[in-house]
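Read off the chains here:
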Amino acid sequence: EAVEAVEAVEVKALSWGKDAVDETQGEVFDVLLLSEVLYVAQPSCVPWTLDDADLLSLAEMTKAKLSAEGHAWVTYGNREAGGGEQFQRAAEAVGLHFEEIPLEGIIPGEVLERSGAALRRVRIFHLQHARGMLSSHMAPKSSSERGHTHFQNPFRFRF
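Here's a quick rundown of the structure. Predicted model only: the values in this text are computed from it and were never measured. (Residues numbered from 1 in each chain as written. Predicted model: local features only at pLDDT ≥ 70, side-chain atom pairs only at ≥ 80, totals over all residues. Heavy atoms only, no water.)

Further remarks concern helix 2 (residues 83-93). All of the buried residues in helix 2 are G83, G84, Q86, F87, A90 and A91. Buried residues of helix 2 fall within an arc of 160 degrees about the axis and therefore sit on the same side. Among the exposed residues of helix 2, those oriented more than 90 degrees off its buried face are R89 and A93. Among the structural elements, helix 1 (52-65), strand 2 (66-76), strand 3 (96-101) and strand 4 (123-129) are those in contact with the buried residues of helix 2. (Buried < 20%, exposed > 50% of the residue type's maximum accessible area, 1.4 Å probe, protein only. Helix = DSSP H or I, 4+ residues; strand = E, 2+ residues; numbered from the N terminus. Arc of directions from axis to C-beta. Contact = heavy atoms within 4.5 Å.)

Structure (structure tokens):
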């Protein structure tokens, strides 16, 4: 149903931090897809760690570009120790609700079983403005039979 409602898709350059680029001219969006945005560009220590200032800048940009009832989806390769938790702290510090979505809630189990370790390591985060998170049909739904949060996938993926 949500897929049929999409009228158009545009791709625009948007970056954050010191050399920020913003082709969106102040627009806000109902859906933000952020992939390959959490990584160590120039590793300077072992073990690798994400830069807190960069994470905060990314979280601030995400909040600024997200409509009041919008949803941001972030995929993270989970290459750095504690990186997801670092990003969670940054997102919550700027007033975003942070929820990790189980990979199995997005990618069918049979695909995960056939995939390599790199895909199974991926983490998916769902962000919303803290004040608007409860009104969404795309928010995680409780699954009492499993005893944990189970995500209702709003997308129709075919593999």
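Still more to cover.
Once their charged atoms are close, side chains differing in charge can pair, the charge on each being opposite to the other. With the rule as written, the count across this model stands at five salt bridges. Put simply, E36 and R79 hold a salt bridge, and the shortest N to O gap is 3.4 Å. Of this pair, E36 sits in the loop between strand 1 (29-35) and helix 1 while R79 sits in the loop between strand 2 and helix 2, placing them 43 residues apart in sequence. Here R123 makes a salt bridge to E85, at a shortest N to O gap of 3.1 Å. A residue pair is termed long-range when its members are at least 10 positions apart, and R123 in strand 4 and E85 in helix 2 qualify at 38 residues. Judged by its relative accessible area of 14%, R123 is buried. (Salt bridge = Lys/Arg side-chain N within 4 Å of Asp/Glu carboxyl O.)

Turning our eyes to something else, we now look at the sheet that holds strand 1. The strand order across the open sheet built from four strands is 1-2-4-3, with neighbouring strands paired in mixed fashion. Each of the sheet's edge strands pairs with one partner strand only, and the pair in question is strand 1 and strand 3. For this sheet, the mean angle separating the axes of adjacent strands, direction not counted, is 20 degrees. Summarising the sheet, strand 2 and strand 4 pair through five bridges and their orientation is antiparallel. In the strand pairing of strand 4, W73 is matched with H126. Strand contacts of helix 2: strand 2, strand 3 and strand 4, with the helix running at about 155 degrees to strand 3, the strand carrying the most contacts. (Pairing = 2+ DSSP bridges. Axes fitted to C-alpha atoms, helices over the stretch in contact; angles between N-to-C directions.)

Right, let's talk about the pairing of strand 2 for a bit. Judged by how many residues are buried, strand 2 sits mostly within the fold: eight of 11 residues are covered. Here strand 1 pairs with strand 2 via six bridges, running parallel. When the bridges of strand 2 are listed, L32 appears paired with A72.

Each α-helix turn comprises 3.6 residues. Residues three or four places apart therefore point the same way. Taking 1.5 Å per residue, 14 residues should reach 20 Å; helix 1 reaches 20 Å between its end C-alpha atoms and fits that length. When helix 1 is considered as a whole, its buried residues turn out to be L55, S57, L58, A59, M61, T62 and K65. Its buried side turned inward, helix 1 meets strand 1, strand 2, helix 2, strand 3 and strand 4. With a side-chain oxygen positioned 3.2 Å from the backbone nitrogen of A53, the residue opening helix 1 is D51. (Expected span 1.5 Å × (residues − 1). Polar contact = N/O pair within 3.5 Å; in protein donor to acceptor, adjacent residues only side chain to side chain.)

Counting through the fold element by element, K65 comes out in helix 1. Of the residues examined, K65 reaches a relative accessible area of 7% and is grouped as buried. Reaching out from K65, the side chain makes a polar contact with the side chain of T24 at a distance of 2.6 Å. Within the structure, the side chain of K65 is placed 3.3 Å from the backbone oxygen of E27, a separation counted as a polar contact. If sequence neighbours within four positions are ignored, K65 has contacts with L14, D22, T24, G26, E27, V28, F29 and L32.

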